[in-house]
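Residue-level structure breakdown
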Amino acid sequence: VTITTRQLVSHLSGIRHYEKDITKVKEEKEKANRALKLTKSHQDKEQKAKEGKGTEDTDCVKQKKEHDSETKSRNSKPGRNNKEFEQEEYYLKEKFESVIESLKIFKNDPLFFKPGDQFLYSTYGFTLLSAVVERASGQKFTDYMLKMFRDLDMLSTVLDDNEAMIYNRARCYIYNKKGRLVNAPYVDNSYKWAGGGFLSSVGDLLKFGNALLYSYQAGQFKNKNSKLLPGYLKPSTVAMMWTPVPKTEVSWDRDGKYAMAWAVVEKNQQCGCCRQQRHYASHTGGAVGASSVLLILPEELDPEAVGSWAVAPPRGVVVTIICNMQSVSLNSTALKIAREFDREKQAQ
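Cut-off values and rules
- Residues numbered from 1 in each chain as written.
- Predicted model: local features only at pLDDT ≥ 70, side-chain atom pairs only at ≥ 80, totals over all residues.
- Heavy atoms only, no water.
- Core = buried A, V, L, I, M, F, W, Y, C linked by side-chain atoms within 4.5 Å.
- Buried < 20%, exposed > 50% of the residue type's maximum accessible area, 1.4 Å probe, protein only.
- Helix = DSSP H or I, 4+ residues; strand = E, 2+ residues; numbered from the N terminus.
- Domains from an automatic or database assignment.
- Contact = heavy atoms within 4.5 Å.
- Expected span 1.5 Å × (residues − 1).
- Polar contact = N/O pair within 3.5 Å; in protein donor to acceptor, adjacent residues only side chain to side chain.
- Pairing = 2+ DSSP bridges.
- Axes fitted to C-alpha atoms, helices over the stretch in contact; angles between N-to-C directions.

- The name given to the protein in an unreviewed UniProt entry is LACTB protein, with the source organism recorded as Calcarius ornatus.

Spelled out as structure tokens, the structure:
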């Protein structure tokens, strides 16, 4: 078979994730789909009931529902029911000298499906992608990435190397089987630099998000007297990265699709006075003892007025959260924060 880099970056390659048993993967997918259908069915029934009664929730009732939901989420122990972290390969301690060497972990395993047929999130797909970058660039993948981080002024973003002395490196935590907070176990991430092997800071991730947002919007502004510098990437490149790919899905937002290394929700509104979807791109991160999210909510620019605006890009909201706790769901919180700042900006 042929696997393309586009399939790798959109998780359509068929390469396995941490689970080696395809039967278990299919069972988990079916459970998730059933749960999603039940949730949607329940929401549809509630909506019909409201329409039948001709009433709607008051602000007080809405706040109570949100509070109950948040309380339930807060009281549930993170990481205790996440089966993904039960996989042995999450806790590898072997040090690999190169990304090519780390391919031995999965290179002889069968593909779960024909490339391009189905979506399966795969960290190892990104390990293979890092090997492609290494061969195409003629540099070690880690050297190539660290140079890119320097270009972006992300000076606190480094390899998660256990031996290195890294200033302000945080300790990571998990809940054990008894529900007690303990230190996360030692792991070596050299087998997956591209899929979870870098340490960063909130400040650096904001720089990364703003660089992408600037690149995305730069082509829409008139370059007055050549004062507007080009983006780090071409606008068309970011637009391509943020274009949903068919047959993909996103576990942390059912409205979204996977694009090229990003989850994307497109602007959508079915009917007047109904729920609006704003266009945004995000990605969550999960590691042994840590969780993160980076979310970019671009401002909706008026094509007729954009050329005359004095304020240059980036225009929008970038939210990032890094938490030294395993299995913490952060995307919905980041989206709420982004929308709040966006509403505040529109009200001014």
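From this point, the narrative continues.
**Section: the nonpolar core**
- Tyr-124, Leu-212, Trp-242, Trp-262 and Ile-296 are the most contacted members of the largest nonpolar core, which has 42 residues in total.
- Counting only elements with at least two residues in this core, the list comes to α1 (5–9), α5 (123–137), α6 (141–151), α8 (202–218), α9 (235–241) and β8 (290–298).
- Summarising the domain contributions, this core has at least three residues from each of domain 1 (1–38 + 82–165 + 188–199) and domain 2 (206–347).
- Apart from the residues lying within four places of it in its own chain, the contact partners of Tyr-124 are Ile-15, Arg-16, His-17, Tyr-18, Glu-89, Ile-105, Phe-106 and Tyr-191.
- Counting residues in hydrophobic clusters, the runner-up holds 12 residues, among them Val-265, Tyr-280, Ile-321 and Ala-338.

**Some thoughts on α5**
- Taking 1.5 Å of rise per residue, 15 residues should cover 21 Å, and α5 covers 21 Å from first to last C-alpha, within 8% of that figure.
- Next to the buried residues of α5 lie α1, α4 (99–102), α6 and α7 (193–196).
- One side-chain oxygen of the residue at the start of α5 lies 3.4 Å from the amide nitrogen of Tyr-124, identifying that residue as Ser-122.
- Gly-138 lies just past α5 and shows a positive phi near 75 degrees.

**Let's talk about the sheet that holds strand β9 (residues 316–323)**
- One open sheet holds the five strands; their spatial order is β5-β6-β7-β8-β9, and the pairing between them is antiparallel. The outermost strands of the open sheet, each flanked by one partner alone, are β5 (257–258) and β9.
- Sheet topology places β8 next to β9; eight bridges connect them, and they run antiparallel. By the bridge assignment for β9, Ser-292 is matched with Ile-322.
- Packed onto the sheet, helix α10 (residues 331–347) meets β7 (280–287), β8 and β9 and runs at close to 150 degrees relative to β9.

**Here's the deal with the pairing of β8**
- Burial analysis of β8 places seven of its nine residues in the buried class, which makes it a mostly covered element.
- In this sheet, β8 lies alongside β7 in antiparallel orientation, the contact comprising seven bridges. Of the residues in β8, the one forming a bridge with Gly-285 is Ser-292.
- Connecting β7 to the next strand, β8, in antiparallel fashion are two residues, including Gly-289 with a positive phi near 85 degrees.

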